[in-house]
Number of protein chains: 2
Amino acid sequence: MVRQERAIRTRRAILEAAAAVFDEKGYEAAKLTDILDRVGMTKGALYFHFANKEALAAAVLEAQVRETPVPAPQAYKVQEYVDTGLIYTHLLATDPLLRASARLSLERVHGLNRSYPYIDWVERNTKLLSEAKGRGELLLHIDPAETARITVGAYGGMNAMVAALTPRLNLEREILALYRHLLSGIAVPAVLMELDVRPGRGERVLADAVRLSSADDGRGCRSGATVRGEPGTARSGGRQGRAG
Amino acid sequence: MVRQERAIRTRRAILEAAAAVFDEKGYEAAKLTDILDRVGMTKGALYFHFANKEALAAAVLEAQVRETPVPAPQAYKVQEYVDTGLIYTHLLATDPLLRASARLSLERVHGLNRSYPYIDWVERNTKLLSEAKGRGELLLHIDPAETARITVGAYGGMNAMVAALTPRLNLEREILALYRHLLSGIAVPAVLMELDVRPGRGERVLADAVRLSSADDGRGCRSGATVRGEPGTARSGGRQGRAG
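Residues numbered from 1 in each chain as written. Chains lettered and ligands numbered in written order. Predicted model: local features only at pLDDT ≥ 70, side-chain atom pairs only at ≥ 80, totals over all residues. Heavy atoms only, no water.

**Topic: the overall build of chain A**
Definition in use: Numbering of helices and strands starts at the N terminus; helices are DSSP runs of H or I of at least 4 residues and strands are runs of E of at least 2. Exposure classes here rest on a 1.4 Å probe applied to the protein chains alone. A residue is buried below 20% of its type maximum, exposed above 50%, and partly exposed in between. When checking whether two residues touch, look at their non-hydrogen atoms; a contact exists if any pair is within 4.5 Å. All accessible-area figures derive from a Shrake-Rupley calculation using a 1.4 Å probe, and residue coverage is judged against the displayed protein chains alone.
On a plain count of helices and strands, chain A comes out with 12 helices and zero strands. Secondary structure elements of chain A occur, N-terminal to C-terminal, as α-α-α-α-α-α-α-α-α-α-α-α. Here chain A holds 244 residues, and the buried ones make up 57% of them. Considering only intrachain contacts with a sequence separation of at least 6, the fraction spanning at least 24 residues in chain A is 69%. By element, 53% of the accessible surface of chain A is carried by carbon and sulfur atoms, the whole surface being about 10500 Å².

Rendered as structure tokens:
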């Protein structure tokens, strides 16, 4: 048990070092030796956990959605759909693992399967939008899966544009503008009036989500301790085999 | 005059070879020797036109908006706003220069200024949306520059997502869904009823735009001949100096 815990910690340390290097240099320019230097380990230790650079990138990509906590329940499911994006936006500003993952999901690399985060985000958004539709919060013609794809695709592009135009644009402000544009075409007017899409909401809903996931550690989302950067509580990814 | 024409052709051939290599390998993995091999030239000829790989990438990025023809005039300016995106979508499927440019605009590379295409697309969209607003086609609260940024950012992300999920998604279908989502929140109902956002429109409006720009070669957009891949009519870019 102790040995298993140590292995989980080691794997996490390697993953975080890899993320820092991918965030800084991108996939192509990142070298395994940069990652080893940063984590202070031997090649053998790394290869015990990850077969190669591609497996490291796959694990970083896979962490993107799993490590973003789900929002606390709200009066409207469509508010939870917005909060999902705001929580991620707020984490992106500070979390190197999510920053690296966002960068990798935009860079086309031969042989690297970048589909995980898109599939997982679309799934999480589709679920919330389907529940919202079931409760009558959305206009009748809305297809939850289609709106989820638009949201996920558009979000990634806003992030890329803000990075390209730094420091002229602020990510939270642009993401709020994106949600306002989408909401007015998908939610019924009475619900629109009740939604909060004001600046600063991201920070509050992230704090609520972290409290929620700390209290309930049986959930499949990132635990509060991990959000605050302590190792040891992270789950080891189980999807390496899906790469390629 | 003949010498100048030959220089323009040579520059164009180098640019197209560079685009093909960037499209295939991305910026980091692309080597100048790959580009020289493809175009069959010496280093000296390349360096006469482009200082280095970064200057080549800057020229490919810069071509993205300039080489996308503007749509033919429509009854509604907001239709021209949609047609702008549809023309680009249709070109992306076949034009290696635009494909490479789209890829480069999503990849973060140290020292490479990726702002051109974002700035130019936002400018082109802002102009059309401002005209649409002036004619009463848009809802009163719409800020044309903000909606233009959302459109441009979202478009790039949809393209990245479709690439990551290939062959599950079709770019034209997803882009039409994006425009339908945005339009319902920005255009007045009477105009919405008159808009065409059906599949296949991109091909028709591209053909119209090419005809228009061939007939009027004083415009700042790509000429019809260039769209069909003939060299010699392309303008040499004048913005290399903005890189860095």
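**Brief notes about the relation of the copies chain B and chain A**
This is how it is decided: What sets the superposition is a least-squares fit of C-alpha atoms, and only residues with pLDDT of at least 70 in both copies go into it.
Mapping chain B onto chain A leaves a residual RMSD of 0.0 Å; the transformation is a rotation of 180° accompanied by 0.0 Å of translation along its axis. Such a combination of turn and shift is consistent with a two-fold rotation axis. Comparing interface residues between copies, 100% of those in chain B also sit at the interface in chain A, which points to an isologous, same-surface contact.

**Thoughts on the UniProt feature "DNA-binding region" (unreviewed entry) in chain A**
In plain terms, the rule: UniProt positions are given in the numbering used here, feature names are shortened, and annotations may be inferred rather than shown by experiment.
As recorded in UniProt, the sites labelled "DNA-binding region" (unreviewed entry) are residues 31-50 of chain A. Taken end to end, residues 31-50 of chain A has its terminal C-alpha atoms 14 Å apart, with 75% of it in helix and 0% in strand.

**Focus on the pattern of salt bridges**
The test is simple: Take a side-chain nitrogen of Lys or Arg and a carboxyl oxygen of Asp or Glu: if they are within 4 Å of each other, that pair is a salt bridge.
Enumeration over the complete set of coordinates arrives at 40 salt bridges over all chains. Linking B:Arg149 and A:Glu174 is a salt bridge whose minimum nitrogen-to-oxygen distance equals 2.9 Å. Within this pair, whereas B:Arg149 is found in helix H8 (residues 144-164), its partner A:Glu174 is found in helix H9 (residues 171-186), the two belonging to separate chains. With respect to burial, B:Arg149 and A:Glu174 carry one shared label: buried. Notably, a salt bridge pairs B:Glu62 with B:Arg66, separated by 3.8 Å at the nearest N-O pair. A residue pair is termed a helical-turn pair when its members lie 3 or 4 positions apart in one helix, as B:Glu62 and B:Arg66 do in helix H4 (residues 53-66) at four residues.

**Section: the interface of chain B and chain A**
Quite often, the size of an interface is put as the accessible area lost when its parts meet. What counts here: Simply put, the buried area is the total loss of 1.4 Å probe accessible area from both parts when two parts are fitted together. Contacts described as polar in this section are N or O atom pairs within 3.5 Å, which, within protein, must combine one atom able to donate a hydrogen with one able to accept it, while residues neighboring in sequence count only if both atoms come from side chains.
At the interface, 39 residues of chain B touch 39 residues of chain A. Summing the contributions of chain B and of chain A, the shared interface buries around 3300 Å²; its carbon and sulfur component is 62%. Counting the contacts that link chain B with chain A gives six salt bridges. Taken together, chain B and chain A are joined by 10 residue pairs in polar contact (both at pLDDT 80 or more).

**Details of the packing of helix H8 (residues 144-164) of chain A against helix H9 (residues 171-186) of chain B**
Operational definition: Whenever a helix is involved, its axis is fitted only over the stretch in contact; in every case the axis is a line through C-alpha atoms, and angles between N-to-C directions fall within 0 to 180 degrees. Orientation is classified from the angle alone, with under 35 degrees giving roughly parallel, over 145 giving roughly antiparallel, 65 to 115 giving roughly perpendicular, and any other angle giving oblique. Residues are grouped as follows: nonpolar covers Ala, Val, Leu, Ile, Met, Phe, Trp, Tyr, Cys and Pro; charged covers Asp, Glu, Lys and Arg; every other residue, Gly included, is treated as polar.
One way to put it is that H8(A) packs onto H9(B) with a least axis distance of 10 Å and a crossing angle of 90°. Comparing the axis directions of H8(A) and H9(B) gives the class roughly perpendicular. Across the interface between the two elements, A:Glu146, A:Thr147, A:Arg149 and A:Ile150 from H8(A) touch B:Glu174, B:Ala177, B:Leu178, B:Arg180 and B:His181 from H9(B). Here the contact of H8(A) with H9(B) is composed, by residue class, of three nonpolar, two polar and four charged.

**Structural notes on the packing of H4(B) against helix H7 (residues 115-134) of chain B**
Residue and element names in this part refer to chain B. Between H4 and H7, the least distance of the axes is 8 Å, while the angle of their chain directions is 10°. The pairing of H4 with H7 is recorded here as roughly parallel in orientation. Every residue of H7 that contacts H4 at Ala58, Leu61, Glu62, Gln64 and Val65 is listed here: Tyr116, Pro117, Asp120, Trp121 and Arg124. Among the residues forming the contact of H4 with H7, the class breakdown is six nonpolar, one polar and three charged.

**Regarding unusual backbone geometry**
Going from A:Thr166 to A:Pro167, the amide bond is cis rather than trans, its omega being 5°. Counting through the fold element by element, A:Pro167 comes out in the loop between H8 and H9.

**So, the side chain of A:Thr84**
Assignment of secondary structure puts A:Thr84 in helix H5 (residues 77-92). Setting aside chain neighbours within four positions, we find A:Thr84 in contact with A:Pro71, A:Trp121, A:Arg124 and A:Leu128.

**Some remarks on the environment of A:Leu165**
Residue position: A:Leu165 is located in the loop between H8 and H9. Take A:Leu165: its relative accessible area is 7%, and that puts it in the buried class. Every residue in contact with A:Leu165, bar those within four places of it in the chain, is listed here: B:Ser115, B:Tyr118 and B:Ile119.

**Some words on H5(A)**
Test applied: Each helix should span, by expectation, one fewer than its residue count multiplied by 1.5 Å.
Given a rise of 1.5 Å per residue, 16 residues ought to cover 22 Å, and the 23 Å separating the end C-alpha atoms of H5(A) matches this to within 8%. Most of H5(A) is tucked away: 15 of the 16 residues are buried.

**Considering the packing of aromatic side chains**
All names here are of chain A. Applicable threshold: Ring pairs are drawn from Phe, Tyr and Trp, using the six-membered ring of Trp, whenever the two centres fall within 6.5 Å, and their geometry is named by plane angle: stacked under 30 degrees, edge-to-face over 60, tilted for the rest.
Here the structure, examined in full by the defined rule, presents eight aromatic pairs over all chains. Centroid distance tyrosine 81 to tyrosine 179: 5.4 Å. Interplanar angle 85°. Geometry classified as edge-to-face. With tyrosine 81 in helix H5 and tyrosine 179 in helix H9, this residue pair connects regions lying 98 residues apart in the sequence. Considered together, tyrosine 81 and tyrosine 179 belong to a single accessibility category, that of buried residues. Considering the side-chain rings of tyrosine 88 and tyrosine 155, the 5.4 Å spacing of their centres and the 55° angle between planes classify their relative orientation as tilted.

**Notes on H8(A)**
Residues and elements named next belong to chain A. The terminal C-alpha atoms of H8, which comprises 21 residues, lie 30 Å apart, in line with the 30 Å expected from a rise of 1.5 Å per residue. With respect to burial, H8 is a largely interior element, 19 of its 21 residues being buried. Of the residues flanking the start of H8, the one acting as N-cap is aspartate 143, its side-chain oxygen 3.1 Å from the backbone nitrogen of alanine 145.

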